[in-house]
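What the coordinates show
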Amino acid sequence: KKNASGFRKKSIDVAPVADMTGLSISHPDGSALQLKKSDDGSWQLATPAPNAFRFDGAVAQRVASQVAGLSAEDLADNETIDVKQAVAVAVDLREGKRVLLTLGPKRSDNTYLMQREGDAQLYVIGQWQAEQLTKKLEDFRNLSLFDFDVEKVSKMSIDIGGKKTVVSKGED
């Protein structure tokens, strides 16, 4: 049997990734970042970054996917979010629309309160979802050592400490 909260809607309707044109994440410490989606669907960093910063568009895609699929673990009643400690996530949509999400600080049970602008309901989301939504600029750094198309590689040679290993495609 379901209790009363089992019948309440727990999905946090934002928008499909296809309808998103940008994302902004603003932290209470004043740091913020903006992401813009290109016409080809790839994500770009719109915030100035340090020299030699390599942006990882795949991280931005994961954040956008997380926003699109937000779902609450539970619903909160008689609680509030301290906006001075909140992270604001703005989702820009086609036709100039914008959805604003407010994410409160971590609670003692490792969950977070979230509210969608225009929705009186407070949602309780899990730690992993909240961590995706509270990323800072350094979390979007491309940490890959090499950037190449695996399908185009025919031979790879690795030399470590005088020991050389060669791997070739299609050869024994």
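For the structure itself, consult the block above.
Residues numbered from 1 in each chain as written. Predicted model: local features only at pLDDT ≥ 70, side-chain atom pairs only at ≥ 80, totals over all residues. Heavy atoms only, no water.

**Considering the pattern of salt bridges**
Going through the model one piece at a time under the given rule, you end up with six salt bridges. Of the charged contacts in the structure, one is a salt bridge between D92 and R98, with a shortest N-O distance of 2.7 Å. Owing to a relative accessible area of 12%, D92 belongs among the buried residues under this scheme. Note that R107 and D109 form a salt bridge whose closest N and O atoms lie 3.7 Å from each other. Put simply, K36, D92 and R98 are held in one network by salt bridges that share partners. (Salt bridge = Lys/Arg side-chain N within 4 Å of Asp/Glu carboxyl O. Buried < 20%, exposed > 50% of the residue type's maximum accessible area, 1.4 Å probe, protein only.)

**Considerations on the sheet that holds strand β5 (residues 87-93)**
Overall, antiparallel pairing links the eight strands, which are arranged β3-β2-β1-β5-β6-β7-β8-β4 in an open sheet. The sheet is open, and its two edges are formed by β3 (43-45) and β4 (74-76), each paired on a single side. Averaged over all neighbouring strand pairs, the angle between strand axes comes to 25 degrees, with direction disregarded. In terms of strand pairing, strand β6 (residues 98-103) meets strand β7 (residues 112-116) through three bridges, oriented antiparallel. Note on β7: the bridge partner recorded for T102 is Q115. The sheet contacts of helix α1 (residues 57-68) involve β1 (20-26), β2 (32-37), β3, β5 and β6, and relative to β1 the element is tilted by about 95 degrees. (Pairing = 2+ DSSP bridges. Helix = DSSP H or I, 4+ residues; strand = E, 2+ residues; numbered from the N terminus. Axes fitted to C-alpha atoms, helices over the stretch in contact; angles between N-to-C directions. Contact = heavy atoms within 4.5 Å.)

**Points about the packing of aromatic side chains**
What the rule picks out here adds up to one aromatic pair. Ring centres 6.1 Å apart and planes at 15 degrees place the aromatic pair F55 and F140 in the stacked group. Linking F55 in the loop between β3 and α1 with F140 in the loop between α2 (127-133) and β9 (155-160), this pair joins segments that are 85 residues apart in sequence. (Phe/Tyr/Trp six-rings, centres within 6.5 Å; stacked < 30°, edge-to-face > 60°.)

**Looking at the side chain of T47**
Take T47: it is sitting in the loop between β3 and α1. For T47, a relative accessible area of 17% puts it in the buried group. When residues no more than four places from it in sequence are discounted, the contact partners of T47 are A32, L33 and Q34.

**Things to note about the environment of L75**
Tracing the chain through its elements places L75 in strand β4. Residue classification places L75 among the buried positions, given a relative accessible area of 9%. Note: C-alpha distance between L75 and I125 (50 residues apart in sequence) is 8.7 Å.

**Observations concerning the nonpolar core**
Among the nonpolar cores identified, the biggest contains 35 residues, and I12, V14, L23, V91, L101 and F140 are the most heavily contacted of them. For this core, the secondary structure elements donating two or more residues are β1, β2, α1, β5, β6, β7, β8 (122-125) and α2. If you tally residues by element for this core, the top one is α1, at five residues. By size, the runner-up hydrophobic cluster in this structure holds six residues, among which are I81, A86, L113 and L122. (Core = buried A, V, L, I, M, F, W, Y, C linked by side-chain atoms within 4.5 Å.)

**Regarding the environment of A68**
With respect to the element layout, A68 can be found in helix α1. Sequence separation between A68 and A58 is 10 residues, and the spatial gap between their C-alpha atoms is 15 Å. Filtering out sequence-adjacent residues up to four positions away, A68 remains in contact with A15, P16, V17 and M20.

**Thoughts on unusual backbone geometry**
Although it is not a glycine, A52 sits at a positive phi angle of roughly 65 degrees. Residue position: A52 is located in the loop between β3 and α1. You will see that N110, though not glycine, has its phi angle at about 65 degrees, which is positive. Turning to its location among the elements, N110 is positioned in the loop between β6 and β7. Judged by its relative accessible area of 36%, N110 falls in the partly exposed class.

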